[in-house]
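Remarks on the overall topology
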Amino acid sequence: MLQSKIAGIGYYVPKNVYTNNDLTRFMDTSDEWIQERTGIKERRYADRIGETTTTMGVEAAKIAIERAHITNEEVDFIIFATLSPDYYFPGCAVLLQREMGMKEVGALDIRNQCSGFIYALSIADQFVKTGMYKNVLVVGSEKHSFALDFSTRGRAVSVIFGDGAGAVVVQPTAEDGKGILSTHLHSDGADAEKLAMYYPGASSGIWLDKIPDWPDQELGGLLMTKEMLEDGTAFPNMDGQAVFKKAVVKFPEVIHEALAKNNLKTSDISLLIPHQANLRISQFIQKTLGLREDQVFNNIQKYGNTTAASIPIALCEAWEEGKIKEGDLVCLAAFGAGFTWGSALIRW
Ligand code: COA
């Protein structure tokens, strides 16, 4: 069986910076509250028009492809992780394929929210290991800003999220013991509604008993109604404390699972890159695992939570800053809506 490695990596964040103080223009919040609870100082929002989840993914992909020393035509499979796609369907992978002029290769969208990149990386790893593909492009990208409630009602959710994209190229490697050592994926749908955006969705009838006259409702009425916008149910819904409590258990668990699989210890980790959900969650994981501060990479302060993009953005920044060197043991871990969670261990 072949082994796979990350051969190229890139990220893109929009130019528009919104500080915590900027958000006070729209809602009743404060820099102090946001920093204390989440560690976030600022985030980026894509241009309202022209910049989309796909276009940001394309920018990140161009850099990853160039650094992998391949051409767009050599990419033989595309995996795109996002919860904020350009269209309800088709997915962003085919839009990226079109935009980048790639040949008629397979293109797959992943809907695993904050764990999306780990799931996508794991799929790429399986395809490369079995020899099916040689250059798999994995993209994580989000344009959260298009669907957040920027009024005071939505502040507990909207202050957390930001826009951006990251990408990697996964290739086979002949170097023994190098590359992706293992990936570990989990989910538990029991709490699916604790972090969810319900619409547009085929279960609207279950969630919205406010449309008793359906199907007499005007055409498309179940897709998105004025009521959904007015009562806030059109926006992402989150039980922040439930997410927090589960995350601080599942992150360490899935990291230990990856280490055990490879007969390694927490002290062997050169750099842990957790999904950037909340600085307090990262600090909790660091303490639980007994890691030093310099063994954990965080950049949520600058970008907020960019969901599927957060790990590849952080991985790329850490690499560009010289914090990942040849032979280092890099651990990626994520937890998010679903709930879904996962980890990946990489010998760089
Ligand atoms: N600014 C100011 N006040 C805010 C606020 C904001 N942006 N958001 C919420 N508040 C208020 C609430 O209204 C509440 O006020 P009250 O006590 O008068 O009712 C108070 O702050 C406490 O709210 P609560 O929701 O209990 O805060 P919290 O300590 O749980 O922090 C989160 C909220 C979202 C920061 C925290 O739960 C969290 O980080 N959870 C994990 C979320 C996450 O990681 N999501 C992504 C998953 S990958």
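Conventions and cut-offs
Residues numbered from 1 in each chain as written. Predicted model: local features only at pLDDT ≥ 70, side-chain atom pairs only at ≥ 80, totals over all residues. Heavy atoms only, no water. Near = heavy atom within 4 Å. Polar contact = N/O pair within 3.5 Å; in protein donor to acceptor, adjacent residues only side chain to side chain. Helix = DSSP H or I, 4+ residues; strand = E, 2+ residues; numbered from the N terminus. Domains from an automatic or database assignment. Phe/Tyr/Trp six-rings, centres within 6.5 Å; stacked < 30°, edge-to-face > 60°. Buried < 20%, exposed > 50% of the residue type's maximum accessible area, 1.4 Å probe, protein only. Pairing = 2+ DSSP bridges. Axes fitted to C-alpha atoms, helices over the stretch in contact; angles between N-to-C directions. Contact = heavy atoms within 4.5 Å. Salt bridge = Lys/Arg side-chain N within 4 Å of Asp/Glu carboxyl O.

**Here we look at the site of the ligand**
Around the ligand there are 23 residues in total, and Thr29, Arg37, Gly240, Gln241 and Asn278 lie nearest to it. Taking Gln241, its side chain carries an N or O atom lying 2.7 Å from an oxygen atom of the ligand. Separating an oxygen atom of the ligand from a side-chain N or O atom of Asn278 is a distance of 2.5 Å. Of all elements in the fold, only helix 2 (31-38), helix 6 (155-158), helix 9 (240-261) and strand 12 (329-336) reach the threshold of two or more residues within the shell around the ligand. Per-element tally for the shell around the ligand: the top contributor is helix 9, with four residues. When residues of the shell around the ligand are sorted by domain, at least three fall in each of domain 1 (3-173) and domain 2 (179-190 + 239-347).

**Digging into the packing of aromatic side chains**
The geometry of an aromatic ring pair comes down to the distance between the two centres and the angle between the two planes. Using the criterion set out here, one finds ten aromatic pairs in the structure. Centroid distance Tyr18 to Tyr45: 4.7 Å. Interplanar angle 45°. Geometry classified as tilted. You can see Tyr18 sitting in strand 2 (residues 16-19) and its partner Tyr45 sitting in strand 3 (residues 42-45), a full 27 residues away along the chain. Exposure remark for Tyr45: the relative accessible area of 5% places this residue in the buried category. Consider the rings of Phe335 and Phe339, whose centres lie 5.0 Å apart with planes at 40°: the pair is tilted. Each member of the pair, Phe335 together with Phe339, is buried. Through pairs of rings, three or more aromatic residues link up here, namely Tyr18, Phe26, Tyr45 and Phe150.

**Observations concerning the sheet that holds strand 7 (residues 164-173)**
With respect to topology, five strands assemble into an open sheet ordered 1-7-6-4-5, the strand pairing being mixed. Two strands close off the open sheet at either side, each with one partner strand: strand 1 (3-12) and strand 5 (106-110). Neighbour-to-neighbour, the strand axes of the sheet open up by a mean angle of 20°, direction not taken into account. Where strand 4 (residues 77-81) meets strand 6 (residues 136-142), five bridges bridge the pair, whose relative direction is parallel. From the neighbouring strand, Phe77 faces strand 6, where its bridge partner is Val136. Sitting on the sheet, helix 3 (residues 53-67) touches strand 1, strand 4, strand 6 and strand 7, and the angle it makes with strand 1 is about 125°. Sheet strands in contact with helix 4 (residues 92-99) are strand 4, strand 5 and strand 6, and its direction is about 130° off that of strand 4.

**Things to note about the sheet that holds strand 12**
Pairing is mixed in the open sheet, where four strands are placed in the order 8-13-12-11. Of all strands in the sheet, those bounded by a partner on one side alone are strand 8 (179-187) and strand 11 (271-274). Taking each pair of neighbouring strands and ignoring which way they run, the sheet shows an average axis angle of 10°. Across eight bridges, strand 8 lies against strand 13 (residues 340-347) in antiparallel orientation. Among the inter-strand pairings, His184 is bridged to a residue of strand 13, identified as Ser343.

**A word on the pattern of salt bridges**
Within the structure shown, the criterion is met by 16 salt bridges. The shortest N-O distance in the salt bridge between Glu175 and Lys178 comes to 3.3 Å. Among the ionic pairs, Lys246 bridges to Asp188, the shortest N-O distance being 3.6 Å. Of this pair, Lys246 sits in helix 9 while Asp188 sits in the loop between strand 8 and strand 9 (195-196); the two residues are 58 residues apart in sequence, bridging distant segments of the chain. When its relative accessible area of 22% is taken as the criterion, Lys246 is described as partly exposed. Salt bridges here are not isolated pairs; linked through shared partners, they connect Glu175, Lys178 and Glu326.

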